[in-house]
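The lines below spell out each chain.
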Amino acid sequence: DGGITQSPKYLFRKEGQNVTLSCEQNLNHDAMYWYRQDPGQGLRLIYYSQIVNDFQKGDIAEGYSVSREKKESFPLTVTSAQKNPTAFYLCASRPGPHRYNEQFFGPGTRLTVL
Amino acid sequence: GDSVTQMEGPVTLSEEAFLTINCTYTATGYPSLFWYVQYPGEGLQLLLKATKADDKGSNKGFEATYRKETTSFHLEKGSVQVSDSAVYFCALSEDAGGTSYGKLTFGQGTILTVHP
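Note on numbering: residues in each chain are counted from 1, in written sequence order. Following the order in which they are written, the chains are lettered starting with A and the ligands numbered starting with 1. Under the rules for a predicted model, residues below a pLDDT of 70 receive no local features and side-chain atom pairs below 80 are neither given nor counted, while totals for whole chains, interfaces and linings still include all residues. Only hydrogens and water are set aside when side-chain values are computed; all heavy atoms of the structure are taken into account.

### Some words on the overall build of chain A
Stage number 1. Of regular secondary structure, chain A possesses zero helices and 11 strands.
Stage number 2. The order of helices and strands in chain A, counted from the N terminus, is β-β-β-β-β-β-β-β-β-β-β.
Stage number 3. Radius of gyration: over C-alpha atoms. The globule rule applied is 2.2 Å multiplied by the number of residues raised to the 0.38 power. Relative to a compact globule of 114 residues, whose C-alpha radius of gyration would be 13 Å, chain A shows 13 Å and is just as compact.
Stage number 4. Principal-axis analysis of the C-alpha atoms gives chain A an extent of 40 × 25 × 25 Å.
Stage number 5. Looking at chain A residue by residue over its 114 residues, the buried ones come to 50%.
Stage number 6. Of the contacts formed within chain A by residues at least 6 apart in sequence, a portion of 52% connects residues at least 24 apart.
Stage number 7. Summed over all atoms, the accessible surface of chain A reaches about 5500 Å², with 48% contributed by carbon and sulfur.
Stage number 8. Charge convention: Lys and Arg are scored as positive, Asp and Glu as negative, and His as well as the terminal groups of each chain are ignored. Each charge is placed at NZ for Lys, CZ for Arg, CG for Asp and CD for Glu. Taking the average location of the 13 positive side-chain charges in chain A and that of its 11 negative ones, the two points are 5 Å from each other. Secondary structure follows DSSP: runs of H or I at least 4 residues long count as helices, runs of E at least 2 residues long count as strands, and numbering of each begins at the N terminus. Exposed residues in this analysis have more than 50% of their type's maximum accessible area, buried residues have under 20%, and partly exposed residues fall in between, with area computed by a 1.4 Å probe over protein chains only. Contact between two residues is taken to exist if any of their heavy atoms lie within 4.5 Å; hydrogens are not considered. Computed with a 1.4 Å probe, the accessible areas rest on the Shrake-Rupley method; for each residue, only the protein chains presented here act as cover.

### With respect to the sheet that holds strand E3 (residues 19–25) of chain A
All names here are of chain A.
Stage number 1. A pair of strands counts as paired when DSSP detects no fewer than two bridges linking them. Taking strand neighbours across the sheet as the criterion, the four strands line up as E1-E3-E8-E7 in an open arrangement whose pairing is antiparallel. Here the strands that pair on one side only, and so sit at the sheet edges, are strand E1 (4–7) and strand E7 (64–66). Put simply, the sheet's adjacent strands are angled 20° from each other on average, direction ignored.
Stage number 2. By the bridge criterion, three bridges tie E7 to strand E8 (residues 76–78) in an arrangement that is antiparallel. To obtain each axis, a line is fitted to C-alpha atoms, and for helices this fit is confined to the stretch in contact; angles are then taken between N-to-C directions over 0 to 180 degrees.

Printed below as a string of structure tokens:
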């Protein structure tokens with residue numbers, strides 16, 4: 001079945017540690033996105049990638065980094081520079097740039113900093 | 001910049017009640033509009049969409065009409081069920097030209113709880 005997988009579902013990290021969240025899609029989509037969701041708030045865009053080996057900062061990129069070495073993979077690293085990393089992280093992909101194309105979301109990773 | 005405003009929540013209804021969740025938007029171009037639904041602990045699922053003025057998106061008894069004159073995309077359902085309890089997000093997507101590259105701009109979400 002085609003879809004987006006994120007792992008792990010739950011992740012715990014000590015302060016000062018970097019952690020990498022996995023996102024894989026087998027939909028053959030060009031564009032991929034990372035969002036952060038906090039309670040009572042909408043989704044905020046962290047990074048997005050239009051094609052392999054290219055990515056752009058979103059609205060809240062500070063303290064995060066990404067790579068796009070393969071079309072199907074878009075991992076997100078939460079660095080120790082991110083001041084408040086506890087949140088629910090959602091990965092999404094989209095088949096192309098046209099405005100009528102919806103984004104497809106993975107199940108999310110809940111990160112908790114201890 | 002683009003923005004989406006949803007009605008304040010949470011919304012609590014009894015089963016079979018009529019649902020309206022208001023959504024208005026501000027956009028520089030001619031966006032597509034979406035409603036997504038999120039069940040507890042899960043990612044977002046597309047509920048419905050509309051890509052041009054006066055289009056009506058519909059799915060699972062939910063409907064929303066793209067109103068350009070009022071910049072609105074209100075979600076409605078005639079008779080809600082307990083299984084509709086979830087968080088609902090209104091979102092817009094601009095053309096891919098320029099710097100937007102098809103990113104979604106979300107409202108803050110509306111929590112819906114339906115009681116038996």
